[in-house]
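Okay, here's what each chain looks like letter by letter:
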Amino acid sequence: MELRQLVTFRMVATTLSFSRTAQSLNYVQSSVTAQMQALEEELGVRLFDRLGKRIALTDAGKRFLPYVEKILGLTEEAREVVTDEDVPSGSLVISAPETLCIYRLPTLLRLFRDRFPQVKVIFKPSPYEELRRRVSDGMVDVAFVIDEPQRSTALMVEELIMEPLLILVSPDHDLARLPSLQAQDLDGESFLLTETGCGYRVLFERALNEQGVHPTTNLEFTSVEAIKQCVMASMGVAFLPEVTVAREIAQGRLVALNWIGHSFHVHTQILWHKEKWLSPALNAFLEVTRECMSKSPTPVHS
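The protein is annotated in an unreviewed UniProt entry as LysR family transcriptional regulator of Dictyobacter halimunensis. Listed under Sequence similarities (unreviewed entry) in UniProt, the entry text for the protein is "Belongs to the LysR transcriptional regulatory family."

Below is the structure:
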């Protein structure tokens, strides 16, 4: 196996397109096809299913991908070890869910780019249920999550910012007229929820179940922005981090409800594998992250 084949395989696995891979890596498409055919012949398995104009990873390809990520990661580490460690360089692969992509990371990524332009940051958004696995498998260097405090035997977990969570309705919703909520006020309401696996959705559903609250419907969204628009259109009740709705509340387009005896919060956290080499680039990224998001971070693992 050649490193260039592995780089090409990773890009094809990401884009699921030979043509987009060729554009990204500055190859002609026939070169991408030839590299993948040679890799499959050497391994003796099919890595991709060709489905007309589309391709998909086979089971063998899915099993192969984490090892490719590890090999390329070690290659990058080896290159950085023998270069000037005083100047962070190389690349970092970062991942986070949509909420943090929009509301927490832009300032951080801009500051890091300005201070360390030699480091290439590759950003890969991920659904909640995939984030920890991708860090564990070495597919990303660091991931951000917004969740209840985490403990892990394999990952380092650093809490950064406490994130208050709010129950939200539109100003013309019946619940907006109440000075405070009792559990029975929420019974039978329609809830507009984030995707399965989202930490703060789990927190809210647990509280509802403990109080015997039964929604009439649960509509699930992958986009916080879509939830906000639907709530403002009076389609139901949402449960979102305060940072995502501060502007709409200030503008009077959303109303935060006070559920008596309940206050909710999670934390924005950063994760990385505890056995991962802390390269100059990764160390620099962690320091800038702490500067942007936390005054006194405390990494934890068990």
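Caption draft 1: Structural context of the side chain of Thr 15. Considering the arrangement of structural elements, one finds Thr 15 in helix H1 (residues 3–15). Among the polar contacts listed, one links the side chain of Thr 15 to the backbone oxygen of Ser 17, at a separation of 3.1 Å.

Caption draft 2: Molecular detail of the pattern of salt bridges. Applying the stated rule across the entire model yields 21 salt bridges. Asp 114 is the salt-bridge partner of Arg 113, the closest N and O atoms lying 3.7 Å from each other. Relative accessible area serves as the criterion here: at 51%, Asp 114 is assigned to the exposed category. In this structure, the salt-bridge partner of Arg 201 is Glu 220, at a minimum N-O distance of 2.8 Å. Taken together, the positions of Arg 201 in helix H9 (residues 199–210) and Glu 220 in strand E8 (residues 217–220) put the pair 19 residues apart, joining distant regions of the chain. With relative accessibility at 45%, the residue Glu 220 sits in the partly exposed group. Salt bridges here are not isolated pairs; linked through shared partners, they connect Glu 130, Arg 133, Arg 134 and Asp 137.

Caption draft 3: Seen up close, the packing of aromatic side chains. Under the criterion given, the structure shown has eleven aromatic pairs. Consider the rings of Phe 18 and Phe 48, whose centres lie 6.1 Å apart with planes at 90 degrees: the pair is edge-to-face. Note that Phe 18 is positioned in helix H2 (residues 18–25) and Phe 48 in strand E1 (residues 48–51), a separation of 30 residues in sequence. When sorted by exposure, Phe 18 lands in the same class as Phe 48, which is buried.

Caption draft 4: Looking closely at the UniProt feature "domain: HTH lysR-type" (unreviewed entry) in the protein. According to UniProt, the feature "domain: HTH lysR-type" (unreviewed entry) maps to residues 1–58 in the numbering used here. Secondary structure across residues 1–58 comprises 62% helix and 14% strand; the distance between its end C-alpha atoms is 19 Å.

Criteria and thresholds
Residues numbered from 1 in each chain as written. Predicted model: local features only at pLDDT ≥ 70, side-chain atom pairs only at ≥ 80, totals over all residues. Heavy atoms only, no water. UniProt positions renumbered as here; feature names shortened; annotations may be inferred. Helix = DSSP H or I, 4+ residues; strand = E, 2+ residues; numbered from the N terminus. Polar contact = N/O pair within 3.5 Å; in protein donor to acceptor, adjacent residues only side chain to side chain. Salt bridge = Lys/Arg side-chain N within 4 Å of Asp/Glu carboxyl O. Buried < 20%, exposed > 50% of the residue type's maximum accessible area, 1.4 Å probe, protein only. Phe/Tyr/Trp six-rings, centres within 6.5 Å; stacked < 30°, edge-to-face > 60°.

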